[in-house]
Amino acid sequence: MSTSEGKDSLYAHPRESIDSFVFDERVAAVFSDMISRSVPGYASIIGMIGLLAEQHASPGSRLYDLGCSLGAATVSMGKAIGERNCRLVAVDNAEAMLDRARQQFRKHGLQRVESLCADIREVDIHDASVVVLNFTLQFLPLEERLPLLEKIRAGMRADGVLILSEKIAGADAAEDALLVELHHAFKRANGYSDLEISQKRAALEEVLVPETIATHRRRLAAAGFGRVDLWFQCFNFVSFIARPRSIRQPFSRSWPGRAWKPGRKSCRNSLPGPCPSMVMATWAAGNSC
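Residues numbered from 1 in each chain as written. Predicted model: local features only at pLDDT ≥ 70, side-chain atom pairs only at ≥ 80, totals over all residues. Heavy atoms only, no water.

Chemist: Explain the overall build of the chain to me, using residue names and the numbers behind them.
Modeler: In terms of helices and strands, the chain carries 8 helices and 7 strands. For the chain, the proportion of its 289 residues judged to be buried stands at 53%. Considering only residue pairs separated by 6 or more positions, the chain has 78% of its internal contacts joining residues 24 or more positions apart. Of the roughly 13,100 Å² of accessible surface on the chain, 51% is carried by carbon and sulfur atoms. (Helix = DSSP H or I, 4+ residues; strand = E, 2+ residues; numbered from the N terminus. Buried < 20%, exposed > 50% of the residue type's maximum accessible area, 1.4 Å probe, protein only. Contact = heavy atoms within 4.5 Å. Areas by Shrake-Rupley, 256 points an atom, 1.4 Å probe, with all protein chains shown as cover.)

Chemist: Explain empty space enclosed by the protein residue by residue, including any values.
Modeler: With the rule as written, the count across this model stands at 1 cavity of 30 Å³ or more. Of the volumes computed, that of the largest cavity is approximately 40 Å³. If you trace the largest cavity, you find it lined by Asp 8, Tyr 11, Ser 38, Lys 187, Tyr 192, Glu 196 and Lys 200. The residue inventory of the lining of the largest cavity, partitioned by class, reads 2 nonpolar, 1 polar and 4 charged. (1 Å grid on protein atoms, 1.4 Å probe; cavity = no way out; pocket = protein on both sides within 12 Å on 5 of 7 lines; lining within 4 Å. Points joined across faces, edges and corners; volume = space filled by probe spheres on them. Nonpolar A, V, L, I, M, F, W, Y, C, P; charged D, E, K, R; others polar.)

Chemist: Provide a residue-level description of unusual backbone geometry, including the pertinent values.
Modeler: You will see that Phe 135, though not glycine, has its phi angle at about 60°, which is positive. Mapped onto the fold, Phe 135 is located in the loop between strand S4 (128–134) and helix H5 (145–154). For Phe 135, a relative accessible area of 9% corresponds to the buried category. Despite not being glycine, Phe 235 shows a phi value in the positive range, around 55°. With respect to the element layout, Phe 235 can be found in the loop between strand S6 (225–234) and strand S7 (237–244).

Chemist: Summarise helix H8 (residues 213–223); cite the residues concerned and give the values.
Modeler: Most of H8 sits out of view: 10 of its 11 residues are buried. Along H8, the residues classified as buried are Ile 213, Ala 214, Thr 215, His 216, Arg 218, Arg 219, Leu 220, Ala 221, Ala 222 and Ala 223. Where H8 is buried, its residues meet H5, strand S5 (156–167), S6 and S7. Residue Gly 224 follows H8 closely and has a positive phi angle near 110°.

Chemist: Would you mind going over the environment of Arg 227 in detail, with residue names and values included?
Modeler: Its location among the elements puts Arg 227 in strand S6. We classify Arg 227 as partly exposed; its relative accessible area is 49%. Taking the C-alpha atoms as reference points, Arg 227 and Arg 245, separated by 18 residues in sequence, lie 7.1 Å from one another. Arg 227 has contacts with Ile 241, Ala 242 and Arg 243, leaving out every residue within four places of it along the chain.

Chemist: Describe in detail the side chain of His 184, supporting the description with residues and values.
Modeler: One can find His 184 in helix H6 (residues 173–189). Leaving out residues up to four positions away in the same chain, His 184 has contacts with Ile 197 and Arg 201.

Chemist: Mind laying out the pairing of S5, listing which residues take part and the relevant values?
Modeler: The sheet contact formed by S4 and S5 spans 6 bridges and is parallel. Within S5, the residue paired with Val 131 across the bridge is Leu 162. Crossover S4 to S5 through H5 is right-handed. Relative to S7, S5 runs antiparallel, the two sharing 6 bridges. Considered in S7, the bridge of Glu 166 is made with Val 238. (Pairing = 2+ DSSP bridges. Right-handed = clockwise from strand over helix to strand, strands pointing away.)

Chemist: Got a sec to walk through the pattern of salt bridges? Specific residues and values, please.
Modeler: Inspection of every chain in the model, using the stated rule, returns 15 salt bridges. Put simply, Asp 119 and Arg 121 hold a salt bridge, and the shortest N to O gap is 2.7 Å. Residues Asp 229 and Arg 243 are paired through a salt bridge, measuring 3.3 Å at the closest nitrogen-oxygen approach. Of this pair, Asp 229 sits in strand S6 while Arg 243 sits in strand S7, and the two are 14 residues apart along the sequence. (Salt bridge = Lys/Arg side-chain N within 4 Å of Asp/Glu carboxyl O.)

Below is the structure:
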């Protein structure tokens, strides 16, 4: 999404101590540049969210963008569904981000957007045909991710879809190291220095906790989603489309994640069973990698 915001240089100078990353006014002012230079394929994901919304938004339903940041996914969905009788709901808990999102909604003439400054875990979700979590779930504590997905599933129409985009961890140490190496190379190619990469990574260490693709699949199944497809991947950034399970598709296996303890940094090795094979399914459109 094109904006008049500045270039991200928040971590360009050495710091004696690194505070945890927060979505404050300083981040909001450069977020558009930050996300485009940090997340490979971000523009493609945003564009395809609009396409998926156009396919799945049903008349009279609600479309949720949970953790909307600057509103890029909301704008993409709003433009894609046109005059269809749907309600867009954009939620973010950072007022600085939401203020800029509202500017984008006005700029693009979106009149049917309900913008809420709220914790996504506390928002009522109902009659939803499309729910978007675009690089949002990864910022929640591990033990709070399944309850949110269960709440989303409970508020969805039977033919609705969840679009879940996440930064992931590799299935094992070697794969994880490769994905991190490739991501850092991408950031260097986009003008970030090694100092910026290192300091930003330190700021996110206790804030953004990535998980494996297998973990996401199992959690979505436990939350009540019957089919989960990986439709995008570039390095350690992916996006799934998940569809609710019907009452004819019981899920009998218990969710091991219930035993996770608060504060655990990673659950890469906490779940039993083999990991399903990773699917490389990158849609090469727009700013893909």
